[in-house]
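# Summary of structural features
Now for the letters of each chain:
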Amino acid sequence: MTEQTQTPDVETAPQQRKTVKRGGGDPATRGRTTIADGVVEKIAGLAARDVLGVHAMGSGLSRTFGAVRDRVPGGSKSVTRGVKAEVGEVQTALDLEIVVDYGVSISDVAHAVRENVIAAVERMTGLEVVEVNIAVSDVKLPDEEDEEPEPRIQ
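Below, the structure is looked at part by part. (Residues numbered from 1 in each chain as written. Predicted model: local features only at pLDDT ≥ 70, side-chain atom pairs only at ≥ 80, totals over all residues. Heavy atoms only, no water.)

Helix and strand counts for the protein chain come out as 3 helices and 4 strands. Taken from the N to the C terminus, the helices and strands of the protein chain come in the order α-β-α-β-β-α-β. Going through the 154 residues of the protein chain one by one, you find that 26% of them count as buried. In the protein chain, once contacts between residues fewer than 6 apart in sequence are set aside, the share between residues at least 24 apart is 74%. Carbon and sulfur atoms make up 50% of the accessible area of the protein chain, which totals about 11,700 Å². (Helix = DSSP H or I, 4+ residues; strand = E, 2+ residues; numbered from the N terminus. Buried < 20%, exposed > 50% of the residue type's maximum accessible area, 1.4 Å probe, protein only. Contact = heavy atoms within 4.5 Å. Areas by Shrake-Rupley, 256 points an atom, 1.4 Å probe, with all protein chains shown as cover.)

Next up, the structure:
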């Protein structure tokens, strides 16, 4: 007589991993994220420059100094020129100084800059943008040359 071993019918379901919570609570509450003013200024500066009709950022004097600084070896273009941010824990406020191209509607350009800056800053930082103040410091005329000095070496 042969002895048969009976095995119980076992369903072969895939093994599920149990998620183990370590430290308890939501990870978002386990620390603090701070965003520097300069980070928000860079985001806003790039977003403002993307708007059609914005010729440059900053006042004439800051653009002149910036153009000289940009030509120094190792220097880089300042994307924060013409942008000032005040950053709190959950909100930020921005001041922008722009130069518009001649012939564009300043109110339309300002509206587009506000929309673009708010969307970019809120999307990238999660901060609420409470205000974007825009000062138009100049109009770039078609026949007017840029205020950048001529390069000494060509």
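Glancing now at the pairing of strand β2 (residues 83–87). Bridge count for β2 against strand β3 (residues 91–101) is 5 bridges, and the pairing is antiparallel. Residue pairing across strands places A85 opposite L94, the latter belonging to β3. (Pairing = 2+ DSSP bridges.)

So, about the side chain of T125. Along the chain, the position of T125 falls in helix α3 (residues 106–125). Side-chain polar atoms of T125 contact the backbone oxygen of V121, separated by 2.5 Å. There is a polar contact of 3.1 Å between the side chain of T125 and the backbone nitrogen of L127. Other than its neighbours up to four places away in sequence, T125 contacts I35, V40 and I43. (Polar contact = N/O pair within 3.5 Å; in protein donor to acceptor, adjacent residues only side chain to side chain.)

Once that is clear, we can look at the pairing of strand β4 (residues 128–140). The sheet contact formed by β3 and β4 spans 11 bridges and is parallel. Paired with I98 across the bridge in β4 is V136.

On to α3. Taking 1.5 Å per residue, 20 residues should reach 28 Å; α3 reaches 28 Å between its end C-alpha atoms and fits that length. Those residues of α3 not exposed but buried are V109, A110, V113, V117, A120, V121 and T125. All buried residues of α3 lie within an arc of 110° about the axis, which places them on one face of the element. Turned more than 90 degrees away from the buried face of α3 sit S107, D108 and R123, all of them exposed. (Expected span 1.5 Å × (residues − 1). Arc of directions from axis to C-beta.)

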